[in-house]
2 protein chains.
Amino acid sequence: MLREDVTEAIRSAVFEELAAVGYARMSIEGIARRAGVGKTAVYRRWRSKLHLVLDLVSAIAVQGLPMPDSGSLEGDLRLLYEVTSRALRHPVASQVIPDLQAEAARNPEIAEAMQKALREGQHGVANGIVRAAVARGEVRDGVDEDLALDLVSGPLYWRSVVVRAELPKGYLGSLAAATAAALRAL
Amino acid sequence: MLREDVTEAIRSAVFEELAAVGYARMSIEGIARRAGVGKTAVYRRWRSKLHLVLDLVSAIAVQGLPMPDSGSLEGDLRLLYEVTSRALRHPVASQVIPDLQAEAARNPEIAEAMQKALREGQHGVANGIVRAAVARGEVRDGVDEDLALDLVSGPLYWRSVVVRAELPKGYLGSLAAATAAALRAL
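Not measured: the values here are computed from a predicted model.

A. Seen up close, the nonpolar core. Counting residues in each nonpolar core, the largest one holds 52 residues, and the members touching the most others are L77 and L183 of chain A together with L77 and L183 of chain B. Listing elements by their share of this core, those giving two or more residues are α5 (73–89), α8 (122–136), α9 (145–163) and α10 (171–184) of chain A together with α5 (73–89), α8 (122–136), α9 (145–163) and α10 (171–184) of chain B. The residues touching L77 of chain A, leaving out its near neighbours within four places in the chain, are I129, V152, A176, T179, A180 and L183 of chain A. The next biggest cluster of nonpolar side chains, apart from the first, holds 31 residues, and it includes A32, V96, L100 and A117 of chain B.

Listed below in structure tokens is the structure:
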């Protein structure tokens, strides 16, 4: 394998291993075996499994989400929910996110990486949507931006990650309409 | 120690051990040590750490949350949020819940126990609040009850467990007002 291919193989193996056994049980041995490389190939690139996971989380945050621009608050929320629900439906995401979340509760370095990923990813886009709505006069200037982000991001996360239930047809549209109403009432 | 005291000591030790090291790393040895009892005292009561955790999750679900009855949707939501935010602020809850959530993604027995706890706890109360609002004519009859539950439960969970940020003064009141507006728009 080329050097870049080895790095890529290790990165994919980390995701699969995280989804399969979780952070606590994951080992460099297991990652190397899944990637089809030797343990030294992993250690040459990352000092520990913590550093591997921190690197991956940062890489995802940088990828970012597209910024919707539909011209209305409800339309923008609808587009955000379509992208987010597709990402959360991926079995790897739906297993890895709660796992790292749990780990963040006892590991400050993971907590910081997750917060940074959140700020640069989901919260960056949600903030952009709220500010565009303020600029159009759909949402009051001076609203509590943190509360607005909780209203935008909470319900879909609760449904996809906590309740883990299917989304019926029409769900995302109704969610976008209700959330727009909540933001207009702030 | 009396038999009931031993059982209680083990139950508390499981919570503390779960918060400290997480489900994956938790061992019957660690629980027994923390409870100040022998390993056999634990095994006499529960077959495995899985059974111990399932038993605890069920016990919490049965305790239940009080059903608010303020006479208005916004008032009921406010009361629900006060109780829930106090529970989520507890360090044990804020570490144990995401941990079991993560474990549920790969263990169907834990997933089922968590779903049952959710239905009988949080969702039972939220459903009661929405139905009372329908009966008063504050919310449209025939709304999608699952979507209503996501709107009621998602934002505070996101803020407390995912973002892990402090709640500023006035937050719960504003959240209750915005959520009531979202439900009226359904």
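Past the structure itself, the notes keep going.
B. Structural context of α10 of chain A. Under the 1.5 Å per step criterion, the end-to-end length of α10 of chain A is 20 Å for 14 residues, consistent within 8% with the ideal 20 Å. Counting buried residues along α10 of chain A, 11 of its 14 residues qualify, which places the element largely inside the surrounding structure. Those residues of α10 of chain A not exposed but buried are Y171, L172, G173, L175, A176, A178, T179, A180, A181, A182 and L183 of chain A. Its buried side turned inward, α10 of chain A meets α5 and α9 of chain A together with α9 and α10 of chain B.

C. Just the packing of aromatic side chains, in detail. Here the structure, examined in full by the defined rule, presents 2 aromatic pairs over all chains. Where Y157 of chain A meets W158 of chain B, the ring centres are 5.3 Å apart and the plane angle is 75°; that geometry is what we call edge-to-face. With one member in each of two chains, Y157 of chain A in helix α9 and W158 of chain B in helix α9 form a pair that bridges those chains. One cation-aromatic arrangement involves K49 of chain A over Y23 of chain A; the distance from NZ or CZ to the ring centre is 4.5 Å.

D. Structural detail: the side chain of N107 of chain B. All names here are of chain B. Inspection of the secondary structure assignment puts N107 in the loop between α6 (91–104) and α7 (108–120). Overall, N107 belongs to the buried group, its relative accessible area being 15%. Polar contacts involving the side chain of N107 include one to the main-chain amide nitrogen of E109, which spans 3.0 Å.

E. Representation of the interface of chain A and chain B in the model. Residue-level contacts link 47 residues of chain A with 47 residues of chain B. Of the roughly 3600 Å² buried where chain A meets chain B, counting both sides, 62% is carbon and sulfur surface. Together, R106, D150 and W158 of chain A form the three largest contributors to the area buried by chain A at its contact with chain B, with a combined 19%. Applying the counting criterion to the chain A and chain B interface returns 6 salt bridges. Our count for the chain A to chain B interface comes out at 20 residue pairs in polar contact (both at pLDDT 80 or more). For the side of chain A that touches chain B, the secondary-structure elements that each account for two or more residues are α1 (3–21), α6 (91–104), α7 (108–120), α8, α9 and α10 of chain A. In terms of residue count, α9 of chain A provides more of the side of chain A that touches chain B than any other element does, 14 residues in total. By residue class, the composition of the side of chain A that touches chain B is 27 nonpolar, 11 polar and 9 charged.

F. Quick look at the relation of the copies chain A and chain B. When chain A is fitted to chain B, the best match, at an RMSD of 0.1 Å, comes from turning it 180° and sliding it 0.0 Å along the axis. Taken together, the turn and the small shift mark the pair as related by a two-fold rotation axis. Comparing interface residues between copies, 100% of those in chain A also sit at the interface in chain B, which points to an isologous, same-surface contact.

G. Structural detail: the UniProt feature "DNA-binding region" (unreviewed entry) in chain A. UniProt records the feature "DNA-binding region" (unreviewed entry) at residues 27–46 of chain A, using the numbering of this structure. With 75% helix and 0% strand, residues 27–46 of chain A has its two end C-alpha atoms placed 13 Å apart.

H. Highlighting empty space enclosed by the protein. Inspection of every chain in the model, using the stated rule, returns 3 cavities of 30 Å³ or more. Its boundaries defined by the atoms lining it, the largest cavity holds a volume of some 110 Å³. Lining the largest cavity are 18 residues, and of these A24, D99 and E103 of chain A together with A24 and D99 of chain B sit closest to its centre.

I. Region of the structure containing unusual backbone geometry. For R164 of chain A, which is not a glycine, the phi torsion comes out positive at approximately 55°. Summarising the element assignment, R164 of chain A is placed in the loop between α9 and α10.

J. Representation of the pattern of salt bridges within the structure. Summed over the entire model, instances satisfying the criterion amount to 24 salt bridges over all chains. Put simply, E17 of chain A and R34 of chain A hold a salt bridge, and the shortest N to O gap is 2.5 Å. Pair noted here: E17 of chain A is in helix α1 and R34 of chain A is in helix α2 (residues 28–35), with a separation of 17 residues, a long-range link. The class of E17 of chain A is buried, set by a relative accessible area of 10%. The class for R34 of chain A is partly exposed, based on a relative accessible area of 40%. Ionic pairing is found between K39 of chain B and E29 of chain B, a salt bridge with its closest N-O pair at 3.5 Å. Of this pair, K39 of chain B sits in helix α3 (residues 39–45) while E29 of chain B sits in helix α2 (residues 28–35), placing them 10 residues apart in sequence.

Rules and cut-offs
- Residues numbered from 1 in each chain as written.
- Chains lettered and ligands numbered in written order.
- Predicted model: local features only at pLDDT ≥ 70, side-chain atom pairs only at ≥ 80, totals over all residues.
- Heavy atoms only, no water.
- Core = buried A, V, L, I, M, F, W, Y, C linked by side-chain atoms within 4.5 Å.
- Buried < 20%, exposed > 50% of the residue type's maximum accessible area, 1.4 Å probe, protein only.
- Helix = DSSP H or I, 4+ residues; strand = E, 2+ residues; numbered from the N terminus.
- Contact = heavy atoms within 4.5 Å.
- Expected span 1.5 Å × (residues − 1).
- Phe/Tyr/Trp six-rings, centres within 6.5 Å; stacked < 30°, edge-to-face > 60°.
- Lys NZ or Arg CZ within 6 Å of the ring centre and 35° of its normal.
- Polar contact = N/O pair within 3.5 Å; in protein donor to acceptor, adjacent residues only side chain to side chain.
- Buried area = accessible area lost by both parts, 1.4 Å probe.
- Salt bridge = Lys/Arg side-chain N within 4 Å of Asp/Glu carboxyl O.
- Nonpolar A, V, L, I, M, F, W, Y, C, P; charged D, E, K, R; others polar.
- Least-squares fit on C-alpha atoms with pLDDT ≥ 70 in both.
- UniProt positions renumbered as here; feature names shortened; annotations may be inferred.
- 1 Å grid on protein atoms, 1.4 Å probe; cavity = no way out; pocket = protein on both sides within 12 Å on 5 of 7 lines; lining within 4 Å.
- Points joined across faces, edges and corners; volume = space filled by probe spheres on them.

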